[in-house]
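As a plain string of letters, each chain reads:
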Amino acid sequence: MSPSHATIGFLVNGEKHTVEVEPIKRLLDVLREDLHLTGAKEGCGEGECGSCSVRMNGDLVNSCLVPVLQAEGAEIQTVEGLASSGALHPLQQAFLECGGAQCGICTPGMLMAATQLLSLHPNPSRREIREGLAGNLCRCTGFTRIIESVIAAAAAPAGPPAQASDAR
């Protein structure tokens, strides 16, 4: 290990990973470049757009603002971790059916923000949805179809599946 590198271990989507990287490398870059999980997107690189949103220890974070050293021992969920056994997560299905995804840049972050929202408020009001998605920007849809997608997912018969980190 080089003096400028550190060995960082964490769980991503339930799978243990260890990387040897510069400790100040952004979590977004480690996910995309080292782990080849390219769902989280870099929109602004400043934590303003939400395209890089992931859940870390059950909290929604902008991975472009998190030095990977802060992820040591963390449990991270990316958009790739939403689908289960080849089946889309109810949010992914609702975004597909309701037209909540347009160009795709904001979609992973919107899905992660909506996952966080539904873990805290399983039956959110439109106002709660707007507030829950407030840190995520979309320049294509005007948010109407995104909000409709979240409403549809919340109303799905099975509801959104609980994630391991939601039980805290």
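Residues numbered from 1 in each chain as written. Predicted model: local features only at pLDDT ≥ 70, side-chain atom pairs only at ≥ 80, totals over all residues. Heavy atoms only, no water.

Q: Quick question: what am I supposed to make of helix H3 (residues 107-120) here?
A: Residues three or four positions apart in an α-helix share a direction because the helix packs 3.6 residues into each turn. For H3, built from 14 residues, the straight-helix expectation of 20 Å at 1.5 Å per residue is met to within 8% by its first-to-last C-alpha distance of 20 Å. Across the 14 residues that make up H3, a large majority, 12, are buried. Listing the buried residues of H3 in full gives Thr-107, Pro-108, Gly-109, Met-110, Leu-111, Met-112, Ala-113, Ala-114, Thr-115, Gln-116, Leu-117 and Leu-118. In this structure, the buried residues of H3 make contact with strand E3 (53-56), strand E4 (59-62), strand E5 (75-77), helix H2 (90-98), helix H4 (126-132) and helix H5 (144-155). (Helix = DSSP H or I, 4+ residues; strand = E, 2+ residues; numbered from the N terminus. Expected span 1.5 Å × (residues − 1). Buried < 20%, exposed > 50% of the residue type's maximum accessible area, 1.4 Å probe, protein only. Contact = heavy atoms within 4.5 Å.)

Q: Which parts of the structure should I look at to understand unusual backbone geometry?
A: Excluding glycine, residues mostly carry a negative phi; peptide bonds, for their part, are mostly trans. In this model, His-36 sits at a positive phi of 60 degrees, which is unusual for a non-glycine residue. Tracing the backbone shows His-36 in the loop between helix H1 (27-34) and E3. Assessed through its relative accessible area of 62%, His-36 is described here as exposed. Here Ser-85, not a glycine, exhibits a phi torsion of approximately 50 degrees, which is positive. Residue position: Ser-85 is located in the loop between E5 and H2.

Q: Would you explain H5 in this entry?
A: The end-to-end C-alpha separation of H5 is 17 Å, in line with the 16 Å expected for 12 residues at 1.5 Å each. Where H5 is concerned, the buried positions are Ile-146, Ile-147, Ser-149, Val-150, Ala-153 and Ala-154. Buried residues along H5 cover an arc of 155 degrees about the axis, so they all sit on one side. Within H5, the exposed residues directed more than 90 degrees away from the buried face are Thr-144 and Ala-155. Elements that come into contact with the buried residues of H5 comprise H2, H3 and H4. (Arc of directions from axis to C-beta.)

Q: Is there a simple way to explain the pattern of salt bridges in this structure?
A: Any two side chains of opposite charge can pair, so long as their charged atoms come close to each other. Applying the stated criterion across every chain yields a total of 6 salt bridges. Between Lys-25 and Asp-34 there is a salt bridge whose closest N-O contact spans 2.8 Å. Residue Asp-34 is classed as partly exposed on the basis of its relative accessible area, which comes to 31%. A salt bridge links Glu-148 to Arg-126, with the nearest nitrogen and oxygen atoms 2.6 Å apart. (Salt bridge = Lys/Arg side-chain N within 4 Å of Asp/Glu carboxyl O.)

Q: Honestly, the nonpolar core in this entry has me stumped. Any pointers?
A: Soluble globular proteins tend to bury their nonpolar side chains together. Core analysis: the biggest nonpolar cluster contains 23 residues, and Phe-10, Leu-27, Met-56 and Ile-76 have the highest contact counts within it. Put simply, the parts of the chain that give this core at least two residues each are strand E1 (6-12), strand E2 (15-21), H1 and E3. Sequence-distant contacts of Leu-27, defined by excluding residues within four places in its chain, comprise Val-54, Met-56, Ser-63, Val-66, Val-68, Ala-71 and Ile-76. Counting 21 residues, the second largest nonpolar core, distinct from the first, contains Leu-82, Leu-111, Ile-129 and Ile-146. (Core = buried A, V, L, I, M, F, W, Y, C linked by side-chain atoms within 4.5 Å.)

Q: Just checking my understanding: could you explain the environment of Cys-49 for this structure?
A: Following the sequence through the fold, Cys-49 ends up in the loop between H1 and E3. According to the relative accessible area criterion, Cys-49 is buried, its value standing at 9%. Between the C-alpha atom of Cys-49 and that of Leu-91, which follows or precedes it by 42 residues, the distance is 20 Å. Setting aside residues no more than four positions away along its own chain, Cys-49 makes contact with Gly-43, Cys-44, Gly-135, Asn-136 and Leu-137.

Q: Hey, could you run me through the sheet that holds E3 in this one?
A: Through backbone hydrogen bonds, the strands of a sheet pair up, either in parallel or in antiparallel fashion. The strand order across the open sheet formed by 5 strands is E2-E1-E5-E3-E4, and the pairing between neighbours is mixed. Each end of this open sheet is capped by a strand with a single partner; those strands are E2 and E4. Neighbour-to-neighbour, the strand axes of the sheet open up by a mean angle of 40 degrees, direction not taken into account. By the bridge criterion, 7 bridges tie E1 to E2 in an arrangement that is antiparallel. Note on E2: the bridge partner recorded for Phe-10 is His-17. Set on the sheet, H1 makes contact with E1, E2, E3 and E5; between it and E2 the angle comes to about 105 degrees. Running at roughly 40 degrees to E3, H3 makes contact with E3, E4 and E5 of the sheet. (Pairing = 2+ DSSP bridges. Axes fitted to C-alpha atoms, helices over the stretch in contact; angles between N-to-C directions.)

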